[in-house]
Amino acid sequence: MIEVRETERPLFILDTAATTYAFKVMENGQVEHLYYGRRIGIGSSDGIAEQWIIAPGNTSVYDDEHGNISPEVFRYELAAFGKGDLRETAVEAEYPDGLRSLDLVYSDYEIKEGKPELSGLPSSYGSDEECRTLKLNLKDKNGKLSVSVFYTVFEKADVIARSMVLCNDGNEEISIKKAMSVQLDLDPAEYVFHSFTGAWTREMKKTDTLLKAGKLVVESRSGFSSNRANPFVMISKRGCTEKTGDCMGFHLVYSGNHYEALEKSSSGKYRFVSGINPWNFEWKLKAGESFQTPEGFFSYSAEGFGRMSRTLHSFIREHLVRGEWKHKERPVLLNSWEACYFDINENKLLRLARAAKSVGIELFVMDDGWFGKRDDDSSSLGDWDPDQRKLPGGLKSLCEKIKSLDMDFGIWVEPEMVSENSELYRAHPDWAFKHGTAAHSKGRNQMFLDITRKDVQDYIIAAMKKVFSSADISYVKWDMNRNFTDVYAGGVENSCQGETAHRYILGLYRIMKELTESFPGILFEGCASGGNRFDPGILCYFPQIWASDDTDAVARAEIQYGYSFGYPLSTVSAHVSDVPNHQTLRRTGLDTRFNVAAFGVLGYECNLADLGAEDLEEIRAQIAFYKVWRRVFQFGEYHRGKMFTDAKGMSVLDENTANEAEWTVVAADKSRAVSVSMQLLLRPNTQQLILHPAGLSENTVYTLKVNKTRLKLKDFGGLVNAVSPVHVRPDGAVHSLMNRFVKLYGETEEHTMSGGAMMYAGVRCKTSFAGTGYNENIRFYPDFASRMYIIEKQK
């Protein structure tokens, strides 16, 4: 709901189901931010607006007529450079005469039902019944720049979206130096800034920093949203937990260089900004033109991080993801990459596909290596014709053979790139994203195509349409495997190279929009060396993204924990892979690998053709189980429990070292749930596990059962001699034979309890092995072990 009061100097009140956001026009025409938090009744601005009688010492005043207004201490809705506000700005610009001081004051406003699209940029969407939009118009008193701030209120969804349009109303060019999508000023408190940073195979590491003074910045300069710093951040009041306390989550619908900052000022107030990174950015705004910022959206919770996350999850599923796959269950796939890498051919792929079919795989994906002369990563990007040596019948023949096995067929592409050793580069060297005379630093032996140019965009669109139409392709993995270097675009004027990084992203969005609309039935999955471009901008086109190239279950558990704060499970792609893991060399059980990967869009990335009968039988059971519970896993409500942290360098005997993780996903109607408990490293003589599922209906009676776990006799090593009538040499021939024919299963577990009892009292599970005896009722729970528990409403 949007309400406007106090018509002389309007007071704007934006209400969602559980929050209120308010601001008003000040006596000098600037716009003062008043409040954002839990929903409250606001009859007027009395008591919540600033009341400065005299400006603080050693600060500047707005003008002689308003000596009580010091821009440095007021809470603003949109801060611009120049009038004495020494904090982070939201807008900076320069006029042709060198003037940089802006004085943005209120002009008028408009309110419309629904939500307008953003020019050239993806954004959230909603019907006239689901949202309303306020357009707040400001004009610079010093020049011809005007700014319109758009607020879309999704009342039931509990989310507000915000963006800006900057317009040049004059006859001369204006240089835009900075244009943030979101600004939020906060009263003094103890605020913690939560960021999600990392690197390749180490994405989304949650870092919590109490800001006592100064400024905290999270940014990307890689050209993309990046694995170094995701554009999702949170701000909480100190002491906030999963279930209690005040917190806010902020998303930016953008895939390029971004900037998020939280600053504590000299007055003790805080300011948060989010938007395009102003580093190496400058936009030349010509007369009569406008500049659209990306959209940011945010939500506030008075009930801790869990409530905030589930609000954002629902919003992304309902108001960001679009198209045929919005609510459609995603297929279980097998990807060829870790089984074959570049060494593929039709026979090898079909052998793998037949093994995939035997365990219940629904979608077979051929990864890199199928086009040009792509035998390694040094050539052929841009040459999108199938390699006849590997695929003599092309994509169509292989696809038909896969389809005859009753599986869908998918492929890997990297359309934004070109190899120096390629026919495309030899024909169009000027299409590369680099300066014509300067030496260029490559990544993974490849260069970007200059998609600031429309003709290059058109080439990619045409080339991909040809590929996607050449066979009955059901799935496309869209990869991007490097970061920007030596940034220069031949498609951009030399004087406007500060626009290059943003123009690249605009070109990318045009390509993605055209192709996803042309092939609405294809399931597109984003990828960028894993999570190097995992952001809401991509999710507007692709409903799921490969979260990380790290498929190790232990690493993935923490990575997926980080993603869970801002992204729903249906957007997170996760695979079960071989051991030792190809990224970490760690060995984890097949059950643990599944128990982690199942919480998202499940796939497999192992060589099924080389696995033994026992492993194939277990995978077959995993996939059958996942299909029964798929809607819960992909579209259920996610609840975080404990999460282990990296224990490197710390004793496993230290009880202060977090060693356990726990998470639960619950069906929308709360009739079913799945909960997982996972251990990092075994601590000696710690036998008891108390499970605390979350999100259940307190008064509903549920039955909890442990999902069947297969054990291997070999895992007991020499302990087998404690029960064997003859001596068995560990890992010897007899031991291997016994392992093959003696079937062992983990403990059974079944409890009937109310949801409240499970959540608050906890479920006391059977004790684990601790060196004092073992039988079928003891939980075998070594390093990296886990258990999955099925919870169903009692009938």
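Report on the accompanying structure. (Residues numbered from 1 in each chain as written. Predicted model: local features only at pLDDT ≥ 70, side-chain atom pairs only at ≥ 80, totals over all residues. Heavy atoms only, no water.)

### Digging into the pairing of strand β32 (residues 660-666)
Short version of the rule: Each residue is assigned to one of three classes by its accessible area relative to the maximum for its type, calculated with a 1.4 Å probe on protein chains only: buried under 20%, partly exposed between the two thresholds, exposed over 50%. Labels follow the DSSP assignment, with helices taken as runs of H or I lasting at least four residues and strands as runs of E lasting at least two, numbered in each case from the N terminus. For two strands to count as paired, DSSP must find a minimum of two bridges between them.
For β32, a buried count of 6 out of 7 residues is recorded, marking the element as mostly surrounded by other parts of the structure. Bridging between strand β31 (residues 637-640) and β32 involves 4 bridges; their strand directions are antiparallel. Counted as the bridge partner of Tyr-638 is Val-665 from β32. Where β32 and strand β33 (residues 672-679) come together, 7 bridges link them in antiparallel fashion.

### What about empty space enclosed by the protein?
Rule in force here: Here a cavity denotes a set of grid points, spaced 1 Å apart and computed over the protein atoms alone, in which a 1.4 Å probe fits but from which it cannot get out, and a pocket denotes an open set meeting protein on both sides within 12 Å along at least five of seven lines; residues with an atom within 4 Å of a point are reported as lining. Grid points are joined across faces, edges and corners, and a volume is the space filled by probe spheres set on the points. Lys, Arg, Asp and Glu make up the charged group, whereas Ala, Val, Leu, Ile, Met, Phe, Trp, Tyr, Cys and Pro make up the nonpolar group; the residues left over, Gly among them, are polar.
Under the defined criterion, the tally for this structure stands at 8 cavities of 30 Å³ or more. Volume-wise, the largest cavity comes out at about 140 Å³. Together, 14 residues line the largest cavity, and Gln-30, Leu-78, Ala-79, Ala-80 and Leu-104 are the ones closest to its centre. Residues belonging to the lining of the largest cavity are distributed by class as follows: 9 nonpolar, 2 polar and 3 charged. When its volume is computed, the second largest cavity comes out at roughly 90 Å³.

### Digging into the packing of aromatic side chains
Here is the rule: Geometry of aromatic contacts follows a simple scheme: Phe, Tyr and Trp rings, the Trp one being its six-membered ring, pair when their centres are within 6.5 Å, and the pair is stacked under 30 degrees between planes, edge-to-face over 60, tilted otherwise. For a lysine, the NZ atom is tested; for an arginine, the CZ atom; a charge sits over a ring if that atom is within 6 Å of the ring centre and within 35 degrees of the ring normal.
Here the structure, examined in full by the defined rule, presents 57 aromatic pairs. Taken together, a centroid distance of 5.2 Å and an interplanar angle of 85 degrees make the contact between Trp-337 and Phe-342 edge-to-face. Note on Trp-337: relative accessible area 19%, which makes it buried. Joined through ring pairs, the aromatic side chains of Phe-12, Tyr-21, Phe-23, Tyr-36, Tyr-106, Tyr-109, Tyr-151, Phe-193, Phe-250, Phe-272, Phe-298 and Tyr-300 make up one cluster. Cation over ring: Arg-556 sits above Trp-546, and NZ or CZ is 4.6 Å from the ring centre. The ring centre of Trp-629 lies 4.2 Å from the NZ or CZ of Arg-672, which sits over that ring.

### Looking at unusual backbone geometry
In this model, Val-579 is joined to Pro-580 through a cis peptide bond whose omega is -5 degrees. Looking at the secondary structure, you find Pro-580 in the loop between β29 (572-577) and α10 (590-597). A positive phi angle, near 80 degrees, is found at Ser-380, a position not held by glycine. Locating Ser-380 in the fold gives a position in the loop between β22 (363-366) and α4 (394-404). If you check the backbone angles, Phe-784 has positive phi at about 65 degrees while not being a glycine. Secondary-structure assignment places Phe-784 in the loop between β39 (763-764) and β40 (786-793). With a relative accessible area of 14%, Phe-784 lands in the buried category.

### Overview of the layout of surface pockets
Size it by volume and the largest pocket reaches roughly 960 Å³. Every residue lining the largest pocket is counted, 45 residues in all, and those nearest its centre are Gly-120, Leu-121, Pro-122, Lys-513 and Tyr-541. Residue assignment for the lining of the largest pocket shows that the elements contributing at least two residues are β18 (283-285), β19 (290-292) and α7 (500-518). The biggest single contributor to the lining of the largest pocket is α7, with 8 residues. Class assignment for the residues of the lining of the largest pocket results in 20 nonpolar, 12 polar and 13 charged. Put simply, the second largest pocket is a space of about 630 Å³.

### Details of the packing of helix α3 (residues 346-359) against α4
Short version of the rule: Fitted lines through C-alpha atoms serve as axes, helices being fitted only where they are in contact, and the angles separating the N-to-C directions of these axes extend from 0 to 180 degrees. Any angle from 65 to 115 degrees is called roughly perpendicular, while one under 35 is roughly parallel, one over 145 is roughly antiparallel, and all others are oblique. Each crossing is labelled by how the near helix is turned from the far one, with a counterclockwise turn of less than a right angle marking it left-handed and a clockwise turn marking it right-handed. A contact between two residues is defined here by any heavy atoms of the two lying within 4.5 Å.
Two elements in contact, α3 and α4, have axes whose closest approach is 10 Å; the angle formed by their N-to-C orientations is 20 degrees. Taken together, the axis directions place α3 and α4 in an arrangement best described as roughly parallel. Regarding α3 and α4, the two cross each other, and that crossing is right-handed. Where α3 abuts α4, its residues Glu-346, Leu-349, Leu-350 and Ala-353 lie against Ser-397, Leu-398, Lys-401 and Ile-402.

### A word on the sheet that holds β32
The strand order across the open sheet built from 6 strands is β31-β32-β33-β40-β35-β38, with neighbouring strands paired in antiparallel fashion. If you trace the sheet from one side to the other, it starts and ends with β31 and β38 (750-754), each paired once. Averaged over neighbouring strand pairs, the angle between their axes works out to 20 degrees when direction is ignored. Both strand β35 (residues 701-706) and β38 contribute to a ladder of 5 bridges, which runs antiparallel. Note that in β38 the partner of Val-701 across the bridge is Ser-754.

### Let's talk about the sheet that holds strand β26 (residues 473-478)
Taken in spatial order, the 8 strands line up as β21-β22-β23-β26-β27-β28-β29-β30 and close into a barrel, and their pairing is parallel. Averaged over all pairs of adjacent strands, the angle between strand axes in this sheet comes to 30 degrees, irrespective of strand direction. Looking at chain direction, strand β21 (residues 333-335) and β22 are connected through 3 bridges and run parallel. By the bridge assignment, Asn-335 is partnered in β22 with Val-365. α4 rests against β22, β23 (408-413) and β26 of the sheet, and its axis sits at about 140 degrees to β23. Running at roughly 155 degrees to β23, helix α6 (residues 454-469) makes contact with β23, β26 and β27 (523-526) of the sheet.

### Some details on the pairing of strand β7 (residues 132-140)
When strand β6 (residues 104-113) meets β7, the two strands line up antiparallel, connected through 9 bridges. By the bridge assignment for β7, Glu-110 is matched with Lys-135. As paired strands, β7 and strand β8 (residues 145-154) are joined by 8 bridges and run antiparallel to one another. Within β8, the residue paired with Leu-136 across the bridge is Val-149. Between the end of β7 and the start of β8, which pair antiparallel, lie 4 residues.

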